[in-house]
Structures are given as C-alpha cells and as structure tokens.
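# Topology and contacts: notes
Spelled out, the chains give:
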There are 2 protein chains.
Amino acid sequence: MSKLILFQGDSITDGGRIRTNDWDLNHQMGHSYPFLINAKLGSEYPEKDFRFINRGISGNRIADLFGRWKEDTLNHNPDILSILVGVNDAYFHTHNNSGSLADRYEKIYQLLIDEAKENNPDIKIVICEPFALSVKDKEDFIENIMVYLKPMQEKAKLIAERNNAIFIPLQKIFDEAAEKKETEYWIWDGVHPTVCGHQLIANEWLKYCKDIL
Amino acid sequence: MSKLILFQGDSITDGGRIRTNDWDLNHQMGHSYPFLINAKLGSEYPEKDFRFINRGISGNRIADLFGRWKEDTLNHNPDILSILVGVNDAYFHTHNNSGSLADRYEKIYQLLIDEAKENNPDIKIVICEPFALSVKDKEDFIENIMVYLKPMQEKAKLIAERNNAIFIPLQKIFDEAAEKKETEYWIWDGVHPTVCGHQLIANEWLKYCKDIL
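Presented here is a report on the structure given in the accompanying data block. Keep in mind that this is a model prediction, so the values were computed, not measured.

## Examining the overall build of chain A
In terms of regular secondary structure, chain A is built from nine helices and five strands. Order of helices (α) and strands (β) in chain A, N terminus to C terminus: β-α-α-β-α-α-β-α-α-β-α-β-α-α. Scaling as 2.2 N^0.38, a compact globule of 213 residues should have a C-alpha radius of gyration of about 17 Å, and chain A matches this with 16 Å. Reported as C-alpha extents along the three principal axes, the dimensions of chain A are approximately 50 × 35 × 35 Å. Within the span of chain A, comprising 213 residues, buried residues form 49% of the whole. For chain A, the share of sequence-separated contacts (at least 6 apart) that also reach a separation of at least 24 residues comes to 72%.

Next up, the structure:
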C-alpha cells in the first residue's frame, strides 16, 4: 500500500491551496514546501506511489490544529504526518494574547501526537521547528516574536525526542542562509519564506526523512 | 545586473498565482513549473540573484498572449523569456472555433518573438512544446485535441530553430513518463500536469537552459 504523507500547519504550509473542488487536482498542494516535496518525491519515485495531502491553513495556531485534528488529520489516516506550527502562537500572543506560549504549546502538541499515534500506532511523525528571521524595518517585530518563539522551538525539539519523532531544525537553516544573502531573500517579511526559502525547508525535510520514505 | 526570468503561458504556467497585492510575496509564482524552477535556481545560486516573474493566465490562447504582450512581457524587459502556449488553441478550436490553428499560431508566435527581440536584442527565448496526454475516459477528447496540437508542436519547434531559441520538447517527456506509470499520475485530466508532472517540466527546462542561466 502506498504511503500517505500529510502536511499540517499554518500559512507557511498552506501556500494558497484551494479548499474546495476535490476534482480539480491543479491547486490542491499550494505553493510551499509540501508542493516541492510532492514534486520531487513523486516524480523521482513513481513506483512508490506516494500520496500527498496538504491541510495547512493560514493563520493557524496550535490550538486551531487541535480544533480540526479529527477531520483534517486523523480521518485521513496518514502514514507520515508532518507538522509545522508555532509562529502564529508567538505572533498572536503579542497581538491579542490568543497564542499558546511554550508550556501550553507543549501540552497541545502532545495531545496532537497522542491522538495521531492512537489512530495509527505505526505513524511516523515529523516535527518541523517553527522559525522567524529578522528583516529590514521589522527588527523589533521579529525580536518580540522570538522572545516567545525560542522556548517553543526548544519544546518542539523536546517533544520530537520524547515521541521518537523526526525533528527538522529549520531556524539554523535560515540563520545560515542569511549569512549568504540578505534575510529578505529567504523570508520576505520575517515570517513567510520566499519561494527559495521553501526550497530550503523542502531540502532539509527530504534529508531528515529519507529513511522513513 | 541579475537576470530576470519571465514565464508566459496559460493555466499550466499560471498555477493559481495571485494577480493583485504586489506586496504579498507569498503567492506570486503560483504552484506550477515556474515555482519549481524559481525554488531550485534561487536556493542553489543565491549569488546570482535571479529574479522571476510569472505571467501565465489560465485559459489563454496565443492570441491572448499577444493581446497583453506589452504590459505583461515587454514592459518587464526580461533577460530570459519562457513561453508555453498552444493547448488552449487546439481546445478552443474544437470547442467554439476561437483557437488559432498551426499557421496562425506560427504567425502570432513570430510576432511575439519579433517584439521581444526588438525590445531587447539580447533576450534569450525559451519555447516550451505544448503537450497533451490521453487519460481514462477522455481518450476521444484528447485525440481530437491532438489532431490540432500536433501541427502546432511542429511549428513550435520550427519557430525555435528559426529564431535561435531554446526548444524544450515536452510531449516526449510525458509520453516516456506514461510508460512508467499511468498517465493520470502525470497529467490528471489530459491537459493539466499534476505536481509530479510539473517537476518533469521543470527538470527538462533546467536541463535545456543551463547554458543561458
């Protein structure tokens, strides 16, 4: 049976995918790292018959994922579940105090994973580190977000270790890229990767996940 | 000065890109082969500082490209201009006799190229072969389209040779892929490539264009 890879997350995962028209296969995957991963794996290994689902939704915090976990994750019964979430929690905390900070982030993340494993004990879970990068004229905004995001990044790693999940360290990938070229080239507004930034995520994802594919 | 690569075409190029909000860099490139080419080149060669513009519009025939050639191509002054157009001409010919058949396709294509060269004598032009592939329950539909598309494919190649442009042979790529796996895996409705089909186009584009990048 072919493996189903499901991507969960916020706008970085979403990539403008369409929500309706299941018959229209043009626009299901959005334009983001899941599209790149789908394109690369699907074209290189057609014999594996991978299936891909993107269920990222722009603006989502970790509590939003939990809210729609049943219909948008568990009911699809993925073999590989990839999650990237957190930056909206840090942002919404600063914005209107509706984000989950590190301890609540950890608690809800564990609930997500527990239910996924209960649903499918053989599931492979991939935890992508949430990230942000300072860009011109947004230094204070990003610095403020990082105050709350950093403890979540530590929690994300901890949760991965505790649950035998694959952890994709993305903050350092962007930090390293920023040494080669201005940060706006990789993350235009400090939060949303550019097309090239999405390729960095996809490269890292493919590198760390190669043994579970 | 960094090279500007502009993609022109129909829905296959378009990929659901947003038309408005120039400030929102999340959704400019759509989810199609230009996204994959941008992601690959931009992340691998940040020092080259490539710039990418997608101006594909869903449903476009070659006459539609000519209609918006000034604002959507010439005024951007690209260094590399990549064009994929033709399948809608074949389709609309069968649908309501509004497509351009091979001779008119050739004539308009030459107008497009003449103006692009007049605008920038150093421009590099990339002509992607239009393509289609028979899929289940659409055999007659695609067969009918191919009657008109095949002569256009020959014209596309001829135009490329006559104008010292790079020709990307895409029909054979999809024909070959269809030997490995069912056609729907690559082109779900016979006309629109899947995510994996877009990777095949991007791979071929990158292979043929490597010397002009």
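What follows picks up the thread again.
## Things to note about the interface of chain B and chain A
Each side of the interface is counted separately: chain B has 27 residues, and chain A has 27 residues. Breaking the side of chain B that touches chain A down by element, the ones donating at least two residues are α2 (33-44) and α9 (195-209) of chain B. In terms of residues, the side of chain B that touches chain A owes the most to one element, α2 of chain B, which gives seven residues. For the side of chain B that touches chain A, the class distribution of residues is 11 nonpolar, 13 polar and three charged.

## Describing the relation of the copies chain B and chain A
Think of it as a corkscrew move, a rotation about one axis and a shift along it, taking one chain copy to the other. Superposing chain B onto chain A takes a rotation of 180° plus a shift of 0.0 Å along the axis, which leaves an RMSD of 0.0 Å. Accordingly, the operation relating the two chain copies is best matched by a two-fold axis. Measuring from the rotation axis to each C-alpha of chain B, the shortest distance belongs to His-31 of chain B, at 2.3 Å. Comparing interface residues between copies, 100% of those in chain B also lie at the interface in chain A; the contact surface is shared.

## Details of the packing of helix α6 (residues 102-119) of chain A against helix α7 (residues 139-162) of chain A
All names here are of chain A. Relative orientation of the contacting elements α6 and α7 amounts to 30°, with a least axis distance of 9 Å. One finds that α6 runs roughly parallel with respect to α7. By crossing handedness, the relation of α6 to α7 is classed as right-handed. Contacts between α6 and α7 involve Ala-102, Tyr-105, Glu-106, Tyr-109, Gln-110 and Ile-113 from the former and Pro-151, Met-152, Lys-155 and Ile-159 from the latter.

## A word on the environment of Val-126 of chain A
Turning to its location among the elements, Val-126 of chain A is positioned in strand β4 (residues 124-128). Residues Val-126 of chain A and Ile-166 of chain A, spaced 40 residues apart in sequence, show a C-alpha to C-alpha distance of 4.7 Å.

## A short note on the pairing of strand β3 (residues 80-84) of chain A
All names here are of chain A. Within β3, four of the five residues are buried, which leaves the element mostly enclosed by the surrounding structure. With five bridges connecting them, strand β1 (residues 4-9) and β3 associate as parallel partners. Residue pairing across strands places Phe-7 opposite Ser-82, the latter belonging to β3. One ladder, built from five bridges, connects β3 with β4; its direction is parallel. Following the sheet pairing, Ser-82 is matched in β4 by Val-126.

## Focus on the sheet that holds strand β2 (residues 51-54) of chain B
Through backbone hydrogen bonds, the strands of a sheet pair up, either in parallel or in antiparallel fashion. Residues and elements named next belong to chain B. As summarised here, the arrangement of the five strands in space is β2-β1-β3-β4-β5, forming an open sheet in which the pairing is parallel. In the strand order of this sheet, the two ends are held by β2 and β5 (166-168), each with one partner. On average, adjacent strands in this sheet sit at an angle of 15° to one another, irrespective of strand direction.

## Considerations on the sheet that holds β3 of chain A
All names here are of chain A. On the basis of which strands lie adjacent, the open sheet formed by five strands has the order β2-β1-β3-β4-β5 and parallel pairing. A single partner strand is all that each edge strand has here, and the edge strands are β2 (51-54) and β5 (166-168). Across the sheet, the mean angle separating the axes of adjacent strands is 15° when strand polarity is ignored. Sheet topology places β4 next to β5; three bridges connect them, and they run parallel. By the bridge assignment, Ile-127 is partnered in β5 with Phe-167. Relative to the sheet, helix α9 (residues 195-209) contacts β4 and β5, its axis offset from that of β5 by approximately 155°.

Reading guide: rules and limits
Within each chain, residues carry numbers counting from 1 in the order of the written sequence. Chains and ligands are labelled by the order in which they are written, letters from A for the one and numbers from 1 for the other. Reporting of local features is limited, given that this is a predicted model, to residues whose pLDDT is at least 70; pairs of side-chain atoms are given and counted only at 80 or more, and all residues count toward the totals for whole chains, interfaces and linings. Secondary structure counts use DSSP, requiring at least four H or I residues in a row for a helix and at least two E residues in a row for a strand, with both numbered from the N terminus. Based on C-alpha atoms, the radius of gyration is set beside the globule rule, defined as 2.2 Å times the residue count to the power 0.38. Whether a residue is buried, exposed or partly exposed is read from the other C-beta atoms within 10 Å of its own C-beta, which are placed from the backbone; 20 or more gives buried, 12 or fewer gives exposed, and intermediate counts give partly exposed. Any pair of residues counts as being in contact when their C-beta atoms, constructed from backbone geometry, are within 7 Å of one another. Under the convention adopted here, Pro, Cys and the residues Ala, Val, Leu, Ile, Met, Phe, Trp and Tyr are nonpolar, Asp, Glu, Lys and Arg are charged, and Gly plus all remaining residues are polar. The least-squares superposition of copies is restricted to C-alpha atoms, and to residues with a pLDDT of at least 70 in both copies. Throughout, an axis means a line fitted to C-alpha atoms (over the contacting stretch in the case of helices), and angles, computed between N-to-C directions, take values from 0 to 180 degrees. Orientation is classified from the angle alone, with under 35 degrees giving roughly parallel, over 145 giving roughly antiparallel, 65 to 115 giving roughly perpendicular, and any other angle giving oblique. Each crossing is labelled by how the near helix is turned from the far one, with a counterclockwise turn of less than a right angle marking it left-handed and a clockwise turn marking it right-handed. Strand pairing is assigned whenever DSSP identifies at least 2 bridges connecting the two strands.

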